[in-house]
Amino acid sequence: MRVLVLHTLPPDAPAPDRLADEFDLSGAAQNVASVLPEAIICGVRGEVREILTLLEQHPGAVVFNACEAPLGRPDLEAHVAALLEWLGVRFTGCRSETLALCRRKDLTSAVLQAAGVPVPALVDPARPVFPCIVKPAGEDGSACLDHQSVCEDADALHGAVARLGQAAVVQEFIPGREFAVSLWGNHQPEFGSLGETIFEKGLRLITYAAKWHVESADFANSPLFYNSTIAPEVRAAVTAAAQGAWRAVGARHALRVDVRLNAVGNPRVLDVNPNPEISPGVGICRAVQEAGWQWQDFIRKLVEWA
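Conventions we followed
- Residues numbered from 1 in each chain as written.
- Predicted model: local features only at pLDDT ≥ 70, side-chain atom pairs only at ≥ 80, totals over all residues.
- Heavy atoms only, no water.
- Helix = DSSP H or I, 4+ residues; strand = E, 2+ residues; numbered from the N terminus.
- Polar contact = N/O pair within 3.5 Å; in protein donor to acceptor, adjacent residues only side chain to side chain.
- Contact = heavy atoms within 4.5 Å.
- Phe/Tyr/Trp six-rings, centres within 6.5 Å; stacked < 30°, edge-to-face > 60°.
- Lys NZ or Arg CZ within 6 Å of the ring centre and 35° of its normal.
- 1 Å grid on protein atoms, 1.4 Å probe; cavity = no way out; pocket = protein on both sides within 12 Å on 5 of 7 lines; lining within 4 Å.
- Points joined across faces, edges and corners; volume = space filled by probe spheres on them.
- Nonpolar A, V, L, I, M, F, W, Y, C, P; charged D, E, K, R; others polar.

**Q** Lay out the side chain of R18 in plain terms, naming residues and giving numbers.
**A** Examined against the element boundaries, R18 turns out to sit in the loop between β1 (3-8) and α1 (26-33). Separated by 2.6 Å, the side chains of R18 and E22 make a polar contact. Those residues in contact with R18, other than ones at most four positions away along the chain, are F23, P74, E139, D140, A143 and Y208.

Written out as structure tokens, the structure reads:
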């Protein structure tokens, strides 16, 4: 089976406060192709004609979709999947509707809640409840999240919303343990792996620095472990919440769900990532290996499910 590993290239000039490395998918693409001898890797800026030309050059190929930011714009993530759907091209990963939905935290939260999936309560800035957290409604990758995103009073809340400079989602801050749940399967979450983020030295959330600035204190103070002690009932509840999120957003193939426990130990879904990290040693690559899978078996399954 011919496989075209299609990935977007990093922008020449990323948006302010965003690292170009965040958008560099070359290592992820190589990690996929390393276990697919028949694979062809193609990096694209994300122009429609550019993608159409590659598809014409490789007719019948299954596309391994690693296009996260066409033209350097994360908000266009769903567009490549939509183009492939329109053309009838088989591709890995979630469909365009899921990718578009999960980019909007406010809409995703509403969909999850309507489906009975537990989520943090929304906070009305006119009648705030503290502590609360301010997130951008339409960003991913922990963009715009820092220590000041968690607010303890009205002045901090108004300041966080003003600094954001874009549509904001304000939610109750969930104080408990945080878990990264990786799920994979064809149209159902048949397999999974659960890791726990341990926050140290006063860090309370995964900030942008914790995710992308590998030399930062936030990165050092938010290690992810797959061998932490988790009671069976907690593991079952957290996994069930993540599986509910999968079904609610119509996921397929692979998904990462971030879940926290509230003050009484009940899970709340914080975020749903329909395009999880596939670079070596991190993200879902690490998760499937921690679950006892071989990387090549996982990648070949994704291609088979496309």
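From this point, the discussion proceeds with the structure in view.
**Q** Outline the packing of aromatic side chains, supporting the account with residue identities and numerical values.
**A** For any pair of aromatic rings, the description consists of the separation of the ring centres together with the inter-plane angle of the planes. Taken as a whole and assessed by the stated rule, the structure comprises 6 aromatic pairs. The ring of F91 has R252 lying over it, and the distance from NZ or CZ to the ring centre is 4.7 Å.

**Q** Tell me about empty space enclosed by the protein, residues and numbers included.
**A** Inspection of every chain in the model, using the stated rule, returns 2 cavities of 30 Å³ or more. Computed from the structure, the largest cavity encloses a volume of approximately 200 Å³. Lining the largest cavity we find 18 residues, and of these F64, N65, G93, N275 and P276 sit closest to its centre. No other element matches the 3 residues that strand β3 (residues 62-66) contributes to the lining of the largest cavity. Tallied by class, residues from the lining of the largest cavity come to 12 nonpolar, 5 polar and 1 charged.

**Q** Help me get a handle on the layout of surface pockets, residues and values and all.
**A** Space inside the second largest pocket adds up to approximately 510 Å³. When residues of the lining of the second largest pocket are assigned to their parent elements, the largest contribution, 3 residues, is made by helix α6 (residues 154-164). When its residues are assigned to classes, the lining of the second largest pocket shows 14 nonpolar, 5 polar and 5 charged.

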